[in-house]
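For reference, the chains in residue letters:
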Amino acid sequence: MKRTMILSLSLLFVLMCSAQKNDKKDDSKTEEQCGQVDFYGVDFSQVNVVDATESNEQFLVAFEGINGLMVDEAKKYDPEKFFGLKVRHICVDDAINQIRNLNNRNFRNTEGDTSLVKIISAYPTTESHVLLIVAKELNKSKNVGTFVAVVYNGETKEILNTFEIEGEGGGFGLRNYWAGSIYDGMKRYSRKKRMKATYNEWY
């Protein structure tokens, strides 16, 4: 009887240890999934360009080129390095498509509708979480580009987090100049905040 009880307790102990190991595996999997996003590039659909002499056509080409840099120079503009977000995929096609909206409005020295809810509603639904950098203002006289990065649920469009990016322009050519403000802003944000929170802490 005593021996049977000892065997039963031993079996119970083994089962409890096994369950704890499985729980740890599940937690590990959850941690690996934290901070994973699809990066949709830079949205310029509601940008305000201030005191610039270049033509609208030149800016449209530059905006498309900046999104190209997000792909071609992904290691430089790395959201994981600056924001602690792991990027699964980079897809800038929809951001480039949104640039055509600029043909329908004046984006020079005027305020656009930078409602994030409205902007992200123009993007297709997806099962993943999305990171989108929204251009608010490119001010040539101040040499400053102002952006807001938004992380949202790609299926429900619920905004999970936002953070401001502001940086100085720099570089040769219109594309590189304003892409430089994004890069400078990302570096400034990283230095200032030293973002430690993981993605699951935003819920």
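Keep in mind the model is a prediction, meaning the values are calculated, not measured.

Rules of the game
- Residues numbered from 1 in each chain as written.
- Predicted model: local features only at pLDDT ≥ 70, side-chain atom pairs only at ≥ 80, totals over all residues.
- Heavy atoms only, no water.
- Salt bridge = Lys/Arg side-chain N within 4 Å of Asp/Glu carboxyl O.
- Helix = DSSP H or I, 4+ residues; strand = E, 2+ residues; numbered from the N terminus.
- Buried < 20%, exposed > 50% of the residue type's maximum accessible area, 1.4 Å probe, protein only.
- pLDDT = per-residue confidence, 0-100.
- Contact = heavy atoms within 4.5 Å.
- Pairing = 2+ DSSP bridges.

Let us look at the pattern of salt bridges. Tallied over the full model, the rule gives four salt bridges. Ionic pairing is found between Lys 136 and Glu 164, a salt bridge with its closest N-O pair at 3.7 Å. Here the residue Lys 136 occupies a position in strand β4 (residues 129–139), and Glu 164 occupies one in strand β6 (residues 159–168), the gap between them amounting to 28 residues. By relative accessible area, Lys 136 is classed as partly exposed at 28%. Take Glu 164: its relative accessible area is 47%, and that puts it in the partly exposed class. Bridged by salt links that share partners, the residues Glu 168, Asp 184 and Arg 188 form one connected network.

What follows is about the environment of Val 37. In this fold, Val 37 is placed in strand β1 (residues 36–43). With a relative accessible area of 0%, Val 37 lands in the buried category. Spatially, the C-alpha atoms of Val 37 and Leu 132 are 9.7 Å apart, while their sequence positions differ by 95 residues.

Attention now goes to the confidence of the model for the chain. Close reading of the predicted structure is inappropriate where its pLDDT is low. When pLDDT is averaged across the chain, the result is 82; 77% of the residues are at 70 or more. Within the model, the stretch residues 1–34 combines pLDDT values under 50 with two contacts to residues more than four positions away or in other chains.

Although it is not a glycine, Asp 51 adopts a positive phi angle of roughly 55 degrees. Mapping Asp 51 onto the fold places it in the loop between β2 (48–50) and α2 (56–72). We note that Asn 143 has phi near 60 degrees; this positive angle belongs to a residue other than glycine. Considering the arrangement of structural elements, one finds Asn 143 in the loop between β4 and β5 (144–153). A residue is classified by how much of its surface remains accessible, and Asn 143, at 22% relative accessible area, is partly exposed.

Most of β1 is tucked away, with seven of its eight residues classed as buried. In this structure, β1 lies alongside strand β3 (residues 86–90), joined through four bridges in parallel fashion. Considered in β3, the bridge of Gln 36 is made with Lys 86. Relative to β4, β1 is paired through four bridges, and the arrangement is parallel. If you follow Phe 39 over to β4, its bridge partner there is Leu 131.

Quick look at the side chain of Thr 146 now. Within the element layout of this structure, Thr 146 appears in strand β5. By relative accessible area, which is 16% here, Thr 146 ends up buried. Sequence-distant contacts of Thr 146, defined by excluding residues within four places in its chain, comprise Val 134, Ala 135, Lys 136, Glu 137, Glu 164, Ile 165 and Glu 166.

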